[in-house]
Amino acid sequence: MAAPLTLLLVVAVTIRAALYRSSLAEVIAERVEVVSPITAWKRVIEGLALLDLGVSPYSGDVFHETPLVIYLFHFLVDYAEITFMLADVISAIALYLAVKEYNKQVVRKKQKFALEADRYPQDCLELIRSPKEMLYIPLKVAMFYLLNPFTILSCVAKSTCGLNNAPQIITPHCFKISFAVFLCLATYQSIYPLTLCAPAMLYLMQRQYIPVNYRRASFWWFVVQYLFMYLGSLFVLICLSFFLLGSWDYLPSVYGFILSVPDLTPNIGLFWYFFAEMFEHFRLFFLCVFQINVFFYTVPLSIKLKDHPVFLMFMQLAVISIFKSYPTVGDIALYMALLPVWSHLHRFLRNIFLVSCVLLACSVLFPVLWHLWIYAGSANSNFYYAITLLFNVAQILLVSDYFYAFLRREHHLIHGLYLKKKDGSEATLVLK
Amino acid sequence: ILIYIPIFVFVLLRKLIKEEGENDFQEELVIRPLHSGDIYASFQFRTLWETDFMRENKVSHYRLFPKSLGQVISKFSVRELHISFTQGYWRTMQWGQPFLPSPPGAELWVWFQDSVTDVDAAWKELTNVLSGIFCASLNFIDSTNTVQPSASFKPLGIVNETDHRFLRYATLPREIVCTENLTPWKKLLPCGSKAGLAVLLKSEKLFHSSFFSQTVHIRPVCQDRECKTTSWELRQTLNVVFDLHTSGQGKREWSLFKMFSRTLTEACPLASSSKIYIDVTDNPQEEYFELSPATPLLSQAVVLGDRRTFSVYDLTQQVTFGTVRSLNLLIRWKSTEGYIHYQPSKDRMRPHLLEMLVQLPPHSVTEVTVQFERALLKWTEYTPDPNHGFYVGSSVISALVPSSVAMDTNITQEQPLFSSFFPCKEESSYFVRVYTEPLLVNLPTPDFSMPYNVICLTCTVVAVGYGSLYNLLTRSFQIEEPNPRLAKKIANFIRRIRGVPLLS
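To start, this report covers the structure provided alongside it. (Residues numbered from 1 in each chain as written. Chains lettered and ligands numbered in written order. Predicted model: local features only at pLDDT ≥ 70, side-chain atom pairs only at ≥ 80, totals over all residues. Heavy atoms only, no water.)

Moving on: the overall build of chain B. Along the backbone of chain B there are nine helices and 21 strands. In chain B, which comprises 504 residues, the proportion classed as buried is 39%. Roughly 30,300 Å² of accessible area belongs to chain B as shown, and the carbon and sulfur atoms make up 56% of that amount. (Helix = DSSP H or I, 4+ residues; strand = E, 2+ residues; numbered from the N terminus. Buried < 20%, exposed > 50% of the residue type's maximum accessible area, 1.4 Å probe, protein only. Areas by Shrake-Rupley, 256 points an atom, 1.4 Å probe, with all protein chains shown as cover.)

Let's shift gears to the pattern of salt bridges. For the structure shown, the criterion picks out 25 salt bridges over all chains. A salt bridge links Arg16 of chain A to Asp88 of chain A; the nearest nitrogen and oxygen atoms lie 2.9 Å apart. Here Arg16 of chain A is found in helix 1 (residues 2-21), whereas its partner Asp88 of chain A is found in helix 5 (residues 80-115), with 72 residues between them in sequence. For Arg16 of chain A, a relative accessible area of 1% corresponds to the buried category. Residue Asp88 of chain A is classed as buried on the basis of its relative accessible area, which comes to 3%. Note that Asp279 of chain B is salt-bridged to Arg308 of chain B, the shortest N-O span being 2.7 Å. In this pair, Asp279 of chain B is assigned in strand 10 (residues 273-279) and Arg308 of chain B in strand 13 (residues 306-314), connecting sequence segments 29 residues apart. A relative accessible area of 4% places Asp279 of chain B in the buried class. Each member of the salt-bridge network shares a partner with another, and the members are Glu30, Lys42, Arg43 and Asp263 of chain A together with Glu373 of chain B. (Salt bridge = Lys/Arg side-chain N within 4 Å of Asp/Glu carboxyl O.)

Okay, the side chain of Ser273 of chain B next. Within the secondary structure, Ser273 of chain B sits in strand 10. Residue class for Ser273 of chain B comes out buried when judged on its relative accessible area of 17%.

Before going further, it helps to examine the interface of chain B and chain A. Between chain B and chain A, the residue contacts involve 47 residues of the former and 61 residues of the latter. Buried area between chain B and chain A, summed over both chains or domains, comes out near 5,000 Å², and the portion from carbon and sulfur atoms is 66%. Broken down residue by residue, the surface that chain B buries against chain A is led by Leu472, Leu473 and Phe477 of chain B, which jointly contribute 16%. In this assembly, chain B and chain A are joined by three salt bridges. Across the pair Lys378 of chain B and Glu280 of chain A runs a salt bridge whose closest N-O atoms are separated by 3.8 Å. Where chain B touches chain A, the interface holds 16 residue pairs in polar contact (both at pLDDT 80 or more). Among the secondary structure elements, those contributing two or more residues to the side of chain B that touches chain A are strand 15 (339-343), helix 8 (451-474) and strand 21 (477-479) of chain B. For the side of chain B that touches chain A, the residue count by class is 26 nonpolar, 10 polar and 11 charged. When strand 1 (residues 429-431) of chain A meets strand 21 of chain B, the two strands line up antiparallel, connected through three bridges. Across the sheet, Leu431 of chain A pairs through a bridge with Phe477 of chain B, a residue of strand 21 of chain B. (Contact = heavy atoms within 4.5 Å. Buried area = accessible area lost by both parts, 1.4 Å probe. Polar contact = N/O pair within 3.5 Å; in protein donor to acceptor, adjacent residues only side chain to side chain. Nonpolar A, V, L, I, M, F, W, Y, C, P; charged D, E, K, R; others polar. Pairing = 2+ DSSP bridges.)

A few words now on helix 16 (residues 309-323) of chain A. Taking 1.5 Å as the rise per residue, helix 16 of chain A with 15 residues should run 21 Å; its terminal C-alpha atoms sit 21 Å apart, in good agreement. Most of helix 16 of chain A is tucked away, with 15 of its 15 residues classed as buried. (Expected span 1.5 Å × (residues − 1).)

What follows covers the packing of helix 2 (residues 67-76) of chain B against helix 4 (residues 119-134) of chain B. Residues and elements named next belong to chain B. At a minimum axis distance of 11 Å, the contact between helix 2 and helix 4 shows a crossing angle of 175°. By the angle class used here, helix 2 and helix 4 are roughly antiparallel. Contacts from Ser68, Val72, Lys75 and Phe76 of helix 2 reach helix 4 at Ala122, Glu125, Leu126, Val129 and Ile133. In the contact of helix 2 with helix 4, the residues fall into six nonpolar, one polar and two charged. (Axes fitted to C-alpha atoms, helices over the stretch in contact; angles between N-to-C directions. Parallel < 35°, antiparallel > 145°, perpendicular 65-115°, else oblique.)

Counting 163 residues, the largest nonpolar core has Tyr226, Phe311, Phe323, Tyr335, Trp342, Tyr402 and Phe403 of chain A as the members making the most contacts within it. A total of 16 residues in this core trace back to one element, the largest contributor, which is helix 19 (residues 381-415) of chain A. (Core = buried A, V, L, I, M, F, W, Y, C linked by side-chain atoms within 4.5 Å.)

Glancing now at the packing of aromatic side chains. Enumeration according to the criterion identifies 60 aromatic pairs over all chains in this entry. Note on Phe279 of chain A and Trp379 of chain B: the rings are 5.7 Å apart at their centroids and 75° apart in plane angle, and the pair reads as edge-to-face. Residue Phe279 of chain A is found in the loop between helix 13 (271-276) and helix 14 (283-296), and its partner Trp379 of chain B is found in the loop between strand 16 (353-357) and strand 17 (390-392); the two belong to separate chains. With relative accessibility at 23%, the residue Phe279 of chain A sits in the partly exposed group. Between Phe285 of chain A and Phe286 of chain A the ring centres are 5.2 Å apart and the planes differ by 75°, which places this aromatic pair in the edge-to-face class. A residue is classified by how much of its surface remains accessible, and Phe286 of chain A, at 16% relative accessible area, is buried. (Phe/Tyr/Trp six-rings, centres within 6.5 Å; stacked < 30°, edge-to-face > 60°.)

This part takes up the sheet that holds strand 9 (residues 253-255) of chain B. Residue and element names in this part refer to chain B. Pairing within the open sheet is antiparallel, and its three strands lie in the order 9-14-11. The open sheet terminates on both sides in strands that have one partner only, identified here as strand 9 and strand 11 (289-292). Each neighbouring strand pair of the sheet contributes to a mean axis angle of 10°, computed without reference to strand direction. Direction of pairing for strand 11 relative to strand 14 (residues 330-333): antiparallel, over a ladder of four bridges. If you follow Glu290 over to strand 14, its bridge partner there is Arg332.

Residues and elements named next belong to chain B. Most of strand 10 sits out of view: six of its seven residues are buried. Direction of pairing for strand 1 (residues 23-33) relative to strand 10: parallel, over a ladder of six bridges. Across the sheet, Gln26 pairs through a bridge with Ser273, a residue of strand 10. Examined bridge by bridge, strand 10 and strand 13 share five bridges and lie antiparallel to one another. Paired with Tyr277 across the two strands is Val312, which belongs to strand 13.

Inspection of the secondary structure puts Tyr418 of chain A in the loop between helix 19 and strand 1. For the pair Tyr418 of chain A and Thr428 of chain A, spaced 10 residues apart in sequence, the C-alpha to C-alpha distance is 9.9 Å.

Residue and element names in this part refer to chain B. Strands sit in the order 5-6-4-3-7-8-2-1-10-13-12 across an open sheet of 11 strands; the sheet is mixed. The open sheet terminates on both sides in strands that have one partner only, identified here as strand 5 (146-147) and strand 12 (298-303). Against the sheet, helix 4 makes contact with strand 3 (78-87), strand 4 (105-112), strand 5, strand 6 (167-172) and strand 7 (211-222), and its axis sits at roughly 135° relative to strand 4, the strand it touches most.

A few words now on helix 19 of chain A. For helix 19 of chain A, with 35 residues, the first-to-last C-alpha span of 50 Å sits near the 51 Å given by 1.5 Å per residue. The positive-phi residue at the C-terminal boundary of helix 19 of chain A is Gly416 of chain A, with phi of around 95°.

Look at the link from Ser292 of chain B to Pro293 of chain B: it is a cis peptide, with omega at 0°. Residues other than glycine seldom take positive phi values, yet Lys158 of chain A does so here, at roughly 55°. The residue Lys158 of chain A is located in the loop between helix 7 (149-156) and helix 8 (161-173) in this model. Judged by its relative accessible area of 17%, Lys158 of chain A falls in the buried class. The phi dihedral of Phe153 of chain B falls on the positive side, at around 60°, and the residue is not glycine. Position of Phe153 of chain B relative to the elements: it lies in the loop between strand 5 and strand 6. Owing to a relative accessible area of 27%, Phe153 of chain B belongs among the partly exposed residues under this scheme.

The quantities given are spatial measurements derived from coordinates; they are silent on function.
Listed below in structure tokens is the structure:
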């Protein structure tokens, strides 16, 4: 498997290098769908220039990156393109290895399933995948990530989203608690990966055969260990940032900015227009509602999906990408890369055609309507806002569709594939 | 007695060598920092030899003077030879005047002795021989590009008579200079490129410059006022201008290592004088750039009608090299931007402030550009006429302008009101303040008529997400049992009362 992966990496790097050399790089770096006030490269350069001038980068309202990032680029600013390409490559390799590990686990479960096959209905054997079918999935996942136009655009624009994605991807690959550091790194840069703690913990517990039962001591002991590691590294990172720049200025500029959304630059998310048109009186209330909305699904999803932590991770990534305060296409590319892992669910998906058409159409319409609004002046902000809404609805439909398909497959595995009503005719399955 | 024999032999040999004439070799490097941030380095290597090439018995013992050139002079009865190879064009407007000007390409002009009968044949042979010595295509010089100037190009050495029949001038503008030409040129030096200033002449750096020129000048010169003894002077010069952005990486900081990728460790042992001159005329109190290591030696010279001051580094003195035994001159510009005060803005709290103290060179244009992004504001923060745009206030330029008329600093004197507003601190300059035009920026506006609609629609999208996930989380799959329709239900109820079998 190394050769196709290497070929894929070479192709991906070539495409990115070619785009870097062309004149499209500046155009893409300006697009609001690809960069946000948190991830824009222009702002990183501004922060570095302010640092050189002796002014704190956080004294203005332009720079919202963490101090570790500014010091990383202080040394690497001449090699920025290579850094972003490397981040993408590392993410792809991490995805590849993670999915391979997951497949091995699935095969193991399937073998266990086959041993108890007589306990289960016969006809659901066709729902089980053979190892041969799953052979190419890791490669497909890496391909979906590297060759996704969203990822390529994000890389060419030098959006630090790529750097945010890399630790998030390495997290599921870990089977040691010490890898909680990566999750901590991801949380440190943007707060939302905090919700990925739950799937990471569940995955580790599954690998180490600790039963997920809140009455057992081993469960709580594990949770304490993990949280200790996680919170400890977070504390270390925050203190390190304090010592790097000598002040706590970065806390309101980075975390305060993400949570309180003062900058209303249009992007593909739901926050900007909502808060642009919000009545002052209710601003804080709706801000809290929207932010809680991101963290709110963690516990219910974890309870429902406690036996399937990888799918839980996928759901969490999707929820974060859709409902975060400043989403970009780089975040979408992250969870879309994981879709081939659940390609066996396609028979239960209901809206996939509609969703893909809407996503494609919206991706094309975004720059068109932006141009009409800002440059041509013949449309107004409502047009762009409408496409934003549609894009997010399509994403939500996609995610809930996959969730539906997953749950349905689980149901069929237990109760058989071809269900019959009491009178023998074919049954329909509904949620009740 | 045995000791005396070697000394006697030594003295005899010395006398013999002396008979051949005094050899003297001097090397110098002049570095002139230019206003545009570029730097001009000029090497000169001079060999003086008291000998007579025109004697019957040929000169056989060469010491410092290169043999190839000596043979050329005697064979072709050359009185003066000037050859230059140049790449690039000298930009007088930006760089001032060069010490030794030269045209792009190759240029060769020669004064022959008046004993030569067939000057054209000698010229042809001479160009071929020189083409071999310098690895250049000087053999392309023929009658199609040779002239005999009658008014300019008078001999630069001892002049007997100037019959321009003995002068030939040719130029090859297409000739390219490269390492192949530099190497034989360096070989002509007594120390080669192994010691002294010639160590700095590395072709990777020299040919990455804006201007490069190497020349050879041979002429007879007088040794004293009365011109009783003449000697032959060979001067090899190399002029190079390094560009701020190509070689200097945009930083106004030059050092020997940055220019030549070498440092100096010793002077050429055969040189009687080995010096480096840095032009510090424009930097009298070290206000524009600083020189390190510092040197106490200063000298003045008149160059091109202008008296200039130079800091001198004498390489024959061991103290110049210091404890590290190598000399890397550093010329660092003090930041000429002066003072920048920048206070970035905080949204809804304070505006941007940019203050710069700039020194503008005369007859120049300075542009200050600032990149900005337009932000979308909350709908309540727009003025009632949002499509008019937002105003950005004028920029302010305050300056002290030199005055051509001496002004009166005495404030108690009777002065009309219009000339006494700004306080006058010095006589020679007056204060002026200039305001630019304000800027009108069109910001993108949200739709002001739609707050309720926007809130409802966005909340709907969030609710769609919430609803789908809530359904999937709290409900489970069940087989649908169809509910009998209402009519059937009533019919069955009536049938049950009647006691009749029910409908299916």
